[in-house]
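Spelled out from the first residue to the last, the chains are:
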Amino acid sequence: MKTLLRTSALVLTLAAALAACSKAPLTVPLEDFSISVDAVGNTVGQVVYPKNAAQFDRPVVGVKTIRLSGRVTVSYTAVQAPLVMTFYARTDDPGAAGCTDAGLAWICDAAGETPISSEYSFANGETQQVTLGDPNPEALADGINQGRIWIGAEVTSGAATGVSFDFTQMVAEVTVF
């Protein structure tokens, strides 16, 4: 097992080094994952972030850009459908940036935030292709390099309860040079 882990680490290090030398992006498939939210409502002009940042180990090699693409299926109980939203990312603590503490979340003025997606419209049970990090692939990279990131959303239309986002076939395209 130790030999397999060492070999995997060596292959990943070599791939990152080759990608850095050639300036070509490194493509990495990701495990499927889900995000559940009790309720989602219209937040036009405001981005809602979770209270705590996603935390992870910093990479050995600095990351320049990241784009995540794949499929997402959204399930919810509609109050007002469809859900129309744009995703955002930040690496600075929302509390230190003048955002409002809403108890379980931070609410920030969208004008000062960094979008990482175009606008998506989700009907209940629908599966569609999404890309995060387009625009602003450096925003995701900054979060990876710092070891923490907040991913939030501005909902410009719709409201729902029991919302589940199921991400599948996700691929990270990473540039390290």
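Everything numeric in this text was worked out from a predicted model, so none of it was measured.

Rules used in this analysis
- The residue numbers shown here count from 1 along each chain, following its written sequence.
- Totals for whole chains, interfaces and linings use every residue, but because this is a predicted model, local features are given only for residues with pLDDT of at least 70 and side-chain atom pairs only at 80 or more, for both listing and counting.
- Each side-chain value is derived from all of the structure's non-hydrogen atoms; neither hydrogens nor water enter the calculation.
- The term salt bridge refers to a pairing of a side-chain nitrogen on Lys or Arg with a carboxyl oxygen on Asp or Glu at a separation within 4 Å.
- Every helix listed is a DSSP run of H or I at least four residues long, and every strand listed is a run of E at least two residues long, numbered separately from the N terminus.
- Exposure categories follow from relative accessible area, calculated using a 1.4 Å probe and restricted to protein chains: below 20% of the type maximum is buried, above 50% is exposed, and the middle band is partly exposed.

Trainee: Please explain the pattern of salt bridges as it appears in this structure.
Mentor: When charged atoms on two side chains of opposite charge get close, those side chains can pair. In total, this model carries two salt bridges according to the counting rule given. When the shortest N-O distance is used, the salt bridge between Lys-51 and Asp-101 registers 2.4 Å. With Lys-51 in the loop between β3 (46–50) and β4 (54–55) and Asp-101 in strand β6 (residues 100–101), this pair connects stretches of sequence that are 50 residues apart. Exposure remark for Lys-51: the relative accessible area of 24% places this residue in the partly exposed category. Take Asp-101: its relative accessible area is 47%, and that puts it in the partly exposed class. Between Glu-113 and Arg-90 there is a salt bridge, with the nearest N and O atoms lying 2.9 Å from each other. A residue pair is termed long-range when its members are at least 10 positions apart, and Glu-113 in the loop between β7 (105–109) and β8 (114–115) and Arg-90 in strand β5 (residues 65–90) qualify at 23 residues.

Trainee: Help me understand unusual backbone geometry, please; the structure alone is not making it clear to me.
Mentor: Peptide bonds are trans in most cases, and residues, glycine excluded, mostly fall at negative phi. A cis amide bond links Ala-81 with the next residue in sequence, Pro-82, at an omega value of -5 degrees. Inspection of the secondary structure assignment puts Pro-82 in strand β5. A cis amide bond, omega 15 degrees, links Asp-134 with the succeeding residue Pro-135. Relative to the helices and strands, Pro-135 is located in the loop between β10 (127–132) and α2 (137–146). In this structure, Gln-169 is a non-glycine residue whose phi angle is positive, near 55 degrees. Tracing the chain through its elements places Gln-169 in strand β11 (residues 148–175). By relative accessible area, Gln-169 is classed as exposed at 57%.

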